[in-house]
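Secondary and tertiary structure notes
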Amino acid sequence: TVKVRLASETDANQAGWVAVTLNATQRATLATRLAASVKKVHVTEGQHVAAGALLVSLSDDDLQGGLKAAETAVAAATTQVHRIENLAKQNASIQAEMDMATVQLAQANAALAGVKANIAYTQIRSPFAGVVQTRRVNEGDFVGPGMPLVEVEGQGAMEFTGSVSEGEAKGLKIGQTLPFEVEGKTGHAQITGLSTGGDPTSHRGSIRARVAKGGDGLRSGAFGRLKLAIGASKVITDERFVAKSSLVQRGELNGVFVVKDGKAELRWLSLGEPQGDRIPVRAGLAKGELVIDAPGELKDGQPIEVTK
């Protein structure tokens, strides 16, 4: 007979709270549409940058050659238009010649604009003022279209993102203000996005809430909690959760030990996506059953004594 401790009902349930992650509302992963080698990386992680600051320069030798050719074509087409205009003043040309020269000039200008646009894609600039979070390339690297180069995060407003079940979403609405806790700090956040559509895997929707009060000293990526409205808290009390510390894993199977007739009974469970230190139970656990915390080397059917 071994002594066991029950998983805390408060820790396992946390009724009325939902796990969230704190992020900046402005965050961009910058890439290019060209295939080129990296000429120079102008920034590093943690560096503050202004809006429009140059972050990465790509090789553009071939594009510069194309630019000169396009500029020459525009100059030649412009000269031809002027020549036809002068001939027209002397009644020495027809309208068809003027139309053709005008079309050729428009085509040359369009080609020049296209080359300039491609050259602009070799200069990766920050879309807003912020801090460089990740630098994924070095000088000499070859990059392709859509390949992430640099991640920049704004220093303005912060927001929480997380998932909610259908029951948790009841009583919530966009514009509503909820209390939050993160790294020992408290404040209030306003709901800016709420999706009740269930993910096919977790069967949960999403919630997004912008920090409205108490955001001083918060850092991006921190884990926190949003306290749901009273009405939503009452709805979710019947949902079942287990603490991570009570889980037993055997290969691909997950379960817990429950107390039954003075013995430990191993119960395999169907679980949802983790929410902080708790995991929702889809099937395998009845309401009110006593779950053993930190089972260690406990065996199925082993006699136990529950300690206070």
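Cut-offs applied
Residues numbered from 1 in each chain as written. Predicted model: local features only at pLDDT ≥ 70, side-chain atom pairs only at ≥ 80, totals over all residues. Heavy atoms only, no water. Pairing = 2+ DSSP bridges. Helix = DSSP H or I, 4+ residues; strand = E, 2+ residues; numbered from the N terminus. Expected span 1.5 Å × (residues − 1). Buried < 20%, exposed > 50% of the residue type's maximum accessible area, 1.4 Å probe, protein only. Contact = heavy atoms within 4.5 Å. Core = buried A, V, L, I, M, F, W, Y, C linked by side-chain atoms within 4.5 Å.

**As for the sheet that holds strand 4 (residues 36-41)**
Taken in spatial order, the 4 strands line up as 7-6-4-9 in an open sheet, and their pairing is antiparallel. Only two strands of the sheet have a single neighbouring strand rather than two, namely strand 7 (123-125) and strand 9 (142-143). Here 3 bridges tie strand 4 to strand 6 (residues 54-58), and the two strands are oriented antiparallel to one another. Residue pairing across strands places Val41 opposite Val56, the latter belonging to strand 6.

**What about helix 2 (residues 61-89)?**
Spanning 29 residues, helix 2 covers 43 Å between terminal C-alpha atoms, matching the ideal 42 Å at 1.5 Å per step. Buried within helix 2 are the following residues: Leu63, Leu67, Ala70, Val74, Ala77, Val81 and Ile84. Those residues of helix 2 hidden inside the fold are in contact with helix 3 (95-120). One or two positions beyond helix 2, positive phi appears at Asn91, with a value near 55 degrees.

**Quick notes on the nonpolar core**
Within the largest apolar cluster, 21 residues are counted, with the highest numbers of intra-cluster contacts made by Phe160, Phe180, Val211 and Leu226. Those elements that place two or more of their residues in this core are strand 2 (17-24), strand 11 (158-164), strand 12 (177-182), strand 13 (185-195) and strand 14 (205-213). For this core, the leading source of residues is strand 2, giving 4 residues. Discounting chain neighbours no more than four positions away, the residues touching Phe160 are Val20, Thr21, Leu22, Phe180, Val182, Ala189, Ile207, Arg208, Ala209, Val211 and Leu226. One finds Ala28, Phe128, Val132 and Val150 within the second-largest nonpolar core, a separate group that totals 18 residues.

**Here we look at unusual backbone geometry**
For Glu183, which is not glycine, the phi dihedral falls at a positive 50 degrees. Checked against the element boundaries, Glu183 lands in the loop between strand 12 and strand 13. If you check the backbone angles, Ala294 has positive phi at about 45 degrees while not being a glycine. Turning to its location among the elements, Ala294 is positioned in the loop between strand 22 (292-293) and strand 23 (304-306).

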